[in-house]
Each structure stands twice: as C-alpha cells, then as structure tokens.
Amino acid sequence: MGFKRMVSKMSYFFQGGIFRSRRPVLYFLVLITAIVIFLPYFFKQRHNKLHSKLVQDSRKMIAKKPSRALKFSGSNFILNGKPFTILSGSIHYFRVPVAYWSDRLVKLKAMGLNTVETYVPWNLHEEIKGTMKVEGNLDIVSFIKEAHKLGLYVIIRPGPYICAEWDLGGLPSWLLHDSNQKLRSSYPPFLNAVEKYFNKLLPLIVPFEYSKGGPIIAWQIENEYSFYGKDMEYLQKLCQIMLKNGIKELMITSDSIQAFKNNPHNLTGVLKTINLNSNEVTSLEELKKLQPNKPLMVTEFWPGWFDHWGEHHHIMSHDQVANRVTNILKMGASINFYMFHGGTNFGFMNGANLQGDEGYLPTITSYDYDALLSEAGDITPKYKVLKEVLKTYAPNSSLPEVYPTLPVPIKKKAYDPLHMNEYVPLIDTYKFVDQTVKSKTVLPMEGLLINNNGGQPYGFIVYRTKLPKGSKVLEIEKYRDRAQVMVGSQLVGTLDAFDMNKKYMAIEKMSHVKLELKYKPLDKNEETIYLDIIVENMGRNNFGNHLNDQRKGILGEVLIDGKKPESWTIFPLSFHSLFVRRVFHEAKWQTMPLSADQSILYPAFFKVVFNIDSQPHDTFLLMEGWGKGVVFVNGRILGRYWKIGPQKTLYLPSPWLTVGENIIVIFELETRSKDGLLTFTSKPNLGKTA
C-alpha cells in the first residue's frame, strides 16, 4: 500500500467515515493489520531507494567531474603525463606557530619529499557553532600558499573526523549538546552540520587544486572509517558534499589493511590506501589483492608514536624506520610520514584513548612523536638517515630537482630562573567569568546554554552550591575526568582515578564516588558556606567506538547527605582571552614570601613578569617540582603539565615571547615548586623512553 493511500484511509476514519459504516470494527482491524505489515516494508524500500540514489548521484558527479591532474595507469600514479611517486610528510599547521611554517616546509623538501599532508580540525575552525575562524594559526590558505611557493604538492584531509590524537578526533564538542547525537553517521543533524561546515571550508581551499593552478593533488574522505562503522550512506553523502563544492582531484580513504578486509567500503572512483608502521610488505601485498592494478600508497607510516600521561616516551630507532621505508619504496609504493613534524598540542586540544571499558588515557601536551623533526623543529638523526634512503630507493623523477638549503638552526636559550611570587586563589577569580550559569541541576560542559547553545568546549568547570551546616558526605554519580572538592576556601579532597600500575585512569573509579567532608571550622561570621566541585576535562577520546559518550564535567546526580541540592551556580573555565586578560590585570595579586607554601590556598594562579632585552629565542619550561596544571604565556594557553610525566618540559616558541615585558602565569592545582621557582632550559626533556 502506498504511503499516501494509507494517509487517505486514516483521514477517512478521523472524519467520521468509519462510524457511518455498519462494520466499523472489521474495517479498523483490516487497516491496522495493513499498516503493521506494509509500513516497515515501505520505509525499508524508501531507505534502499535513498541509498541507491546517493550512490547513483555520486557516480554521476564523478563521471561529470573534469579530468583531475593526479591520475593512475595500472600501479603507477601519473602527474603531468609522467610516472609519479608521492613522497610526503605530515605537518599540521595548527600545531606549529605560523612564523615557523616556512622553516618546517623547507626542511621537508630538503629531505627529498615532494608533498606535505595536513589534517583540518573542525573543532578549531568552528569552535563555536556557526562561527568560522580562518586567521592566524588557522589560516590554512596561507599554509597552502607557503607550500606552493616552495614547489611542494599538498594532500588535504578535511575529515570531518581526523583522529590525530586531537580532542574528539577534531569534531566540535558542541555536536554533543544533542543528547541523541550519532557522530560519524548519516544521522541527519550530524550530516547537516558537516555540510554547513564543508560549505564554508571547502570554497576557501578548492581553488588551490593542482588542476586549477594550485598545489593540492589529493583529498581524503573521512579517516580510518573501516575501523569505526558501516554506514555507507554517510560516506556517499560526504563524497557528494565534497564533489558539490568543486573538488575534482583524486580522492582517497585510509585505514589499516585488516580494517579494510574486515569492513570493506567500496566508493566509486576513490583509492584505498593503508596506515602502518610494521608488516609493510605483507600489508602492501594484501592491498594489491584487495585493489588490483591500482597504485600502492601508505598514507600513514608511523616513524614514532605519541605519549599518554604516566607512560614512558615512545621512540622507534632510525634503523627500524629506515628498513621499513626501504621495503615500502622497493615495492613501488608512495608514502606519507605521519608525522614528519609533530609539533605541540597547545592549549587544551590534546585527545585521549580508551583501554576497553576500563581505562582512560589522556594524551600529553607534546606531540613530538619521535618524528623526523623534533617538537621544536630540529633535524634529528632519523631525518638524516631517511634522506639517504630516499636518495637511494625513491625514483629520481619524484625527488626535488634542486634541494633547498637548510635554514639556519633556530636558537634555543635557557633564560634565568624566575620566582613565581605573585599569587591569587582560584576562588577569587570566579567574578571574572562572564558566562556564569544558574541551574537547578548539575550539567555537563556540553549541556550548558552558552556559546550559541553549544556548551563549553574544554578546560575546567566549577559547580557551586550552598552547603548545609553539619554536612558530612558528598556523593557524585559520575564525573569526567578529574575533580577537586572545596568547602569555603579549603581543599577537602581530590578525586584522581589514575592507576600508576596500569598507567591509566580507572573509569570505574570515576563513578559512584563518596567523599567524607572533613574541614576545619569556618569563620563564625560566614553565614553561607559554599561547596565547590572543580572538574578538569583532560581531553576527549579521539579514536574508537565511544565518541558519542565524550561529555565532560559531572554527568549524573550530586547528593549531600543523601539529598539533592536544588540550586547550582556553574562557572565554565575555558580560559578564553577575556577571562585570562582580566585575571592577569584586574585580580588582586598577593606578593608571597618565598617560604610561604603552607598558607597558599590551592588551586591557585602564580604570576611573574619578566623582561627580554633582545630578540627572543625558543626555550623550554622545566616543570619539575610543580604538581599539575596549566601554563599561560602573554595571555595564550601554552599547555598542561603533570608531575607523573613522561614529559617534564613545555616547549615555548620564540614567537610567543616579545622584546620587553612578558607575563607567565601558572594555574597550579596541587603544589608549587620549592620557593615558587620556574626554571628554563635549552633542551627538551620528554622523559624515560619506552
């Protein structure tokens, strides 16, 4: 039965027709039976037709697409009519200061590479729903132009999901304001958001395709989707959106060979490529079987790895890397080094991983990755070895005709130690929060009605309520990821689920938590006692099947002696520029004696103003002696530190410093170093190696 006919029959019922009939019950039963039988069939047929239409539309658009520049003939890429091997390196423009883009790109070409690859992080470009940012460190157009100026090709991986050890895999947290959200799927609200974003982003960069006179030779659709899902309608729709925005260059997907075999996705006109750091020969042979008579490419060859808090620093020897790259090139495959240069997870943008349902592993601030260039952009022994491998095994026609001269090494300096002797408690800065929320219940960060109803993206969140006198026990149903509890100005407990033996934060310890409220007698003149729960979002998971569950803050009920408070004041601490500026310049900073540690009320801010007389140099902050917190330099969030390591230094690039007055502020949760000393060094310390 057609849907319109069913509607017509139902209209007949409700207009009274059935009640004029002599057999109303029989007619009614017949109609209900027809609906039960045919309605599921109708929707299944409708879904199949929609999916078929998406496939047909994509095929038509690909067929109509003008000839792209990068083609393939059998197992060879062809560019400008000649065989071409992609020799690429990953540099994420958003992880490297703008002033250093040219330095890193010149070093990439000087090693013998011909292409640079980058992800595009949606959650930075559209941090607040509807507001697009493409300036400063997010000026992707300028990054592409810089690569073009140096004669490099470009591969763009726009997502919308990018993984990248980046918060929520690059997806904006405001998507989770929708409690029914289904990320990376054909769920209409998600796809609508993706399309709006792509319709803003892609017109900026599509004009730089190679066939249009620019350097872009390829685009990636999504990222490692075979590992994640089976929603072909979603992938087809992404293809359609990208094609509608004028993309005509080669489109690729990338995944592990095992993921491709277990969960194949066949997209018309789209080339499969693989990600790996071992078993390269076997994996490429399998790819050849899976996709015969097509070019082989390793879109992510991992020459190192990233680190989580509490682990050792990961490295891979340059001999291992050289042998595996040699094997890849001998098979005639193209390669992208992920990462060529890792850079830094500035601010709060680090991601995290999950170990089953048991462990949560947040990623550290450094994204050094044991890559070919260090976090600070320095050439490594691995770089030198691989330059020789490329000269020996890569086709001469794909190597640079002229190798650029390496830039002069960027100077490093260990500035004199500083005493962080100005101090203000966190509780004295709440008045500078301009997005305070009043609520009858606690809400997660993403549920706050701020930032165009998209919630709070990152940082810390403070939940405040009045504490009845004599209160004894606090219960929290669930929190993410780490919390501190204060009564008045007293820190009465820290909820830290980190397990030093297992090297992760135990998820079960973040649920159904009870804390006995023990505190010193308060001032009798205080009529109101406040309970503050300060929760840190340590980074959302960026990989796997739990992306829809990555809300942060308090996620359930809070009880005080078994009763639920009826009123809360919520302070979102994203540390945006206005708040930071006001704290820096308007807060009542106290000058602390060097030995006054016992009188400090944590969490607290510590500040120092220091002068640089000449051109600033790159440096590293040595955070030994400090507990856990965040560093700000001249109003910008440098990143997190934590005494459990592995990283002990924070990279501070010279463009963040100025000639003359500089301000460093440390937001410390637990304890400052002896005498509040902040030490600089000219060398990084990323901890013991794994």
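Residues numbered from 1 in each chain as written. Predicted model: local features only at pLDDT ≥ 70, side-chain atom pairs only at ≥ 80, totals over all residues. Heavy atoms only, no water.

Structural notes on the overall build of the protein chain
Here is step 1: For the protein chain, the count of helices and strands is 13 helices and 35 strands.
Here is step 2: Residue pairs in contact within the protein chain that sit at least 24 positions apart in sequence constitute 80% of those at least 6 positions apart.
Here is step 3: Only carbon and sulfur atoms are counted for the fraction: they give 52% of the accessible area of the protein chain, which is about 29200 Å². (Helix = DSSP H or I, 4+ residues; strand = E, 2+ residues; numbered from the N terminus. Contact = heavy atoms within 4.5 Å. Areas by Shrake-Rupley, 256 points an atom, 1.4 Å probe, with all protein chains shown as cover.)

With respect to unusual backbone geometry
Here is step 1: Here the amide bond leading from Gly 159 into Pro 160 is cis, since omega sits at 20 degrees, within 30 degrees of zero.
Here is step 2: Inspection of the secondary structure puts Pro 160 in the loop between β6 (153–157) and α7 (188–205).
Here is step 3: Residue Met 339 is bonded to the preceding Tyr 338 through a cis peptide linkage, with omega at 10 degrees.
Here is step 4: One non-glycine residue with positive phi stands out, namely Ala 164, at about 60 degrees.
Here is step 5: Inspection of the secondary structure assignment puts Ala 164 in the loop between β6 and α7.
Here is step 6: Within the chain, Glu 222 stands out as a residue other than glycine whose phi angle is a positive 55 degrees.
Here is step 7: The residue Glu 222 is located in the loop between β7 (216–220) and α8 (232–244) in this model.

Things to note about the UniProt feature "active site" (unreviewed entry) in the protein chain
Here is step 1: The feature "active site" (unreviewed entry), as given by UniProt, occupies Glu 224 and Glu 300 in the numbering adopted here. The annotated residues occupy 77 residues of the chain but converge on a single region, no pair of C-alpha atoms lying more than 10.6 Å apart.
Here is step 2: Here Glu 224 shows up in the loop between β7 and α8.
Here is step 3: Aside from chain neighbours lying at most four places away, what touches Glu 224 is Cys 163, Arg 184, Ser 254, Asp 255, Asn 275, Glu 300 and Phe 543.
Here is step 4: On the secondary structure map, Glu 300 appears in strand β10 (residues 297–301). (UniProt positions renumbered as here; feature names shortened; annotations may be inferred.)

Let's talk about the pairing of strand β34 (residues 660–668)
Here is step 1: Most of β34 sits inside the fold, with 7 of its 9 residues counted as buried.
Here is step 2: By the bridge criterion, 9 bridges tie strand β29 (residues 604–612) to β34 in an arrangement that is antiparallel. Its bridge partner being in β34, Asn 611 is matched across the sheet by Glu 661.
Here is step 3: Where strand β31 (residues 628–633) meets β34, 5 bridges bridge the pair, whose relative direction is antiparallel. Considered in β34, the bridge of Val 633 is made with Ile 664. (Buried < 20%, exposed > 50% of the residue type's maximum accessible area, 1.4 Å probe, protein only. Pairing = 2+ DSSP bridges.)

Considering the sheet that holds strand β21 (residues 498–499)
Here is step 1: Strand order across the open sheet formed by 4 strands is β12-β13-β22-β21, with antiparallel pairing between neighbours. Strands at the two margins of the open sheet, each flanked by one partner only, are β12 (352–355) and β21.

Some words on the packing of helix α4 (residues 101–110) against helix α6 (residues 140–149)
Between two packed helices, the angle of one axis relative to the other and the distance separating the axes together describe the packing.
Here is step 1: Packing of α4 against α6 brings their axes to within 10 Å, and their N-to-C directions diverge by 40 degrees. Judged by the inter-axis angle, α4 sits oblique to α6. For the pair α4 and α6, the sense of crossing is right-handed. Two secondary-structure elements touch here, α4 through Trp 101, Ser 102 and Leu 105 and α6 through Ser 142, Phe 143, Glu 146 and Ala 147.
Here is step 2: Looking at side-chain class alone, the contact of α4 with α6 contains 4 nonpolar, 2 polar and 1 charged residues. (Axes fitted to C-alpha atoms, helices over the stretch in contact; angles between N-to-C directions. Parallel < 35°, antiparallel > 145°, perpendicular 65-115°, else oblique. Left-handed = near helix turned anticlockwise from the far one by under 90°. Nonpolar A, V, L, I, M, F, W, Y, C, P; charged D, E, K, R; others polar.)

What to know about the confidence of the model for the protein chain
If pLDDT is low for a region, its predicted coordinates should not be looked at in detail.
Here is step 1: With 89% of its residues at a pLDDT of at least 70, the protein chain reaches an overall mean of 92.
Here is step 2: pLDDT under 50 marks residues 1–22. Its contacts with residues more than four places away, or in other chains, come to 22 contacts.
Here is step 3: For the stretch residues 57–65, pLDDT sits under 50, and the model shows 15 contacts to residues farther than four places along the chain or on other chains. (pLDDT = per-residue confidence, 0-100.)

Considerations on the pattern of salt bridges
Side-chain pairing between opposite charges can occur once the charged atoms of the two side chains come close.
Here is step 1: Going through the model one piece at a time under the given rule, you end up with 23 salt bridges.
Here is step 2: Of the charged contacts in the structure, one is a salt bridge between Glu 670 and Arg 482, with a shortest N-O distance of 2.4 Å. With Glu 670 in the loop between β34 and β35 (677–681) and Arg 482 in strand β19 (residues 482–487), this residue pair connects regions lying 188 residues apart in the sequence.
Here is step 3: Glu 670 sits in the partly exposed class, given a relative accessible area of 23%.
Here is step 4: Among the charged side chains, a network of salt bridges with common partners joins Arg 482, Asp 496, Lys 643 and Glu 670. (Salt bridge = Lys/Arg side-chain N within 4 Å of Asp/Glu carboxyl O.)

Notes on the nonpolar core
Here is step 1: Within the largest apolar cluster, 134 residues are counted, with the highest numbers of intra-cluster contacts made by Trp 219 and Phe 575.
Here is step 2: Residues Ile 450, Leu 474, Tyr 479 and Val 513 belong to the second largest nonpolar core, which totals 40 residues. (Core = buried A, V, L, I, M, F, W, Y, C linked by side-chain atoms within 4.5 Å.)

Observations regarding helix α13 (residues 577–586)
Here is step 1: When we look at burial in α13, the residues that qualify are Phe 579, Val 580, Val 583 and Phe 584. The buried residues of α13 occupy an angular sector of 130 degrees when the element is viewed end-on, so they sit on one face. Every exposed residue of α13 that faces more than 90 degrees away from the buried side is listed here: Ser 577 and His 585.
Here is step 2: Along its buried surface, α13 packs onto β27 (568–573), β29, β31 and β34. (Arc of directions from axis to C-beta.)

What about helix α12 (residues 381–393)?
Here is step 1: Over its 13 residues, α12 runs 19 Å from end to end, which matches the ideal 18 Å to within 8%, given 1.5 Å per residue.
Here is step 2: For α12, the set of buried residues is Lys 382, Tyr 383, Leu 386, Lys 387, Val 389 and Leu 390. Looking down the long axis of α12, one finds its buried residues gathered within 165 degrees of arc, a one-sided arrangement. Of the exposed residues in α12, those oriented more than 90 degrees away from the buried face are Pro 381, Lys 384 and Thr 392.
Here is step 3: Those residues of α12 that are buried are in contact with β4 (87–91), α4, α11 (318–330) and β11 (334–341). (Expected span 1.5 Å × (residues − 1).)

Notes on the pairing of β27
Here is step 1: Most of β27 is tucked away: 6 of the 6 residues are buried.
Here is step 2: Burial along β27 is two-sided: Trp 568, Ile 570 and Pro 572 and Thr 569, Phe 571 and Leu 573, pointing in opposite directions, are all buried.
Here is step 3: Pairing geometry for strand β16 (residues 437–439) and β27, over 3 bridges, is antiparallel. Residue pairing across strands places Lys 438 opposite Thr 569, the latter belonging to β27.

A word on the packing of aromatic side chains
Here is step 1: Taken as a whole, this structure holds 44 aromatic pairs when the rule is applied.
Here is step 2: Considering the side-chain rings of Phe 94 and Trp 166, the 4.9 Å spacing of their centres and the 65 degrees angle between planes classify their relative orientation as edge-to-face. In this pair, Phe 94 is assigned in the loop between β4 and α4 and Trp 166 in the loop between β6 and α7, connecting sequence segments 72 residues apart.
Here is step 3: Plain terms: the ring middles of Trp 122 and Phe 190 are 6.5 Å apart, the flat faces sit at 45 degrees to each other, and that makes the pair tilted. (Phe/Tyr/Trp six-rings, centres within 6.5 Å; stacked < 30°, edge-to-face > 60°.)

Observations regarding the environment of Asp 561
Here is step 1: Considering the arrangement of structural elements, one finds Asp 561 in the loop between β26 (558–560) and β27.
Here is step 2: In this structure Asp 561 comes out as partly exposed when scored by relative accessible area, which is 40%.
Here is step 3: Put simply, Asp 561 and Glu 516 are 45 residues apart on the chain and 9.8 Å apart in space, counted from C-alpha to C-alpha.
Here is step 4: Contacts of Asp 561, omitting those with residues within four sequence positions, involve Gly 470, Ser 471, Lys 472 and Val 473.

Details of the environment of Phe 208
Here is step 1: With respect to the helices, strands and loops of the structure, Phe 208 is situated in the loop between α7 and β7.
Here is step 2: Phe 208 gets classed as buried once you look at its relative accessible area, which sits at 17%.
Here is step 3: In sequence terms Phe 208 and Val 141 are 67 residues apart; their C-alpha atoms lie 8.5 Å from each other.
Here is step 4: Aside from chain neighbours lying at most four places away, what touches Phe 208 is Val 141, Ile 144, Lys 145, Gly 214, Pro 215 and Ile 216.

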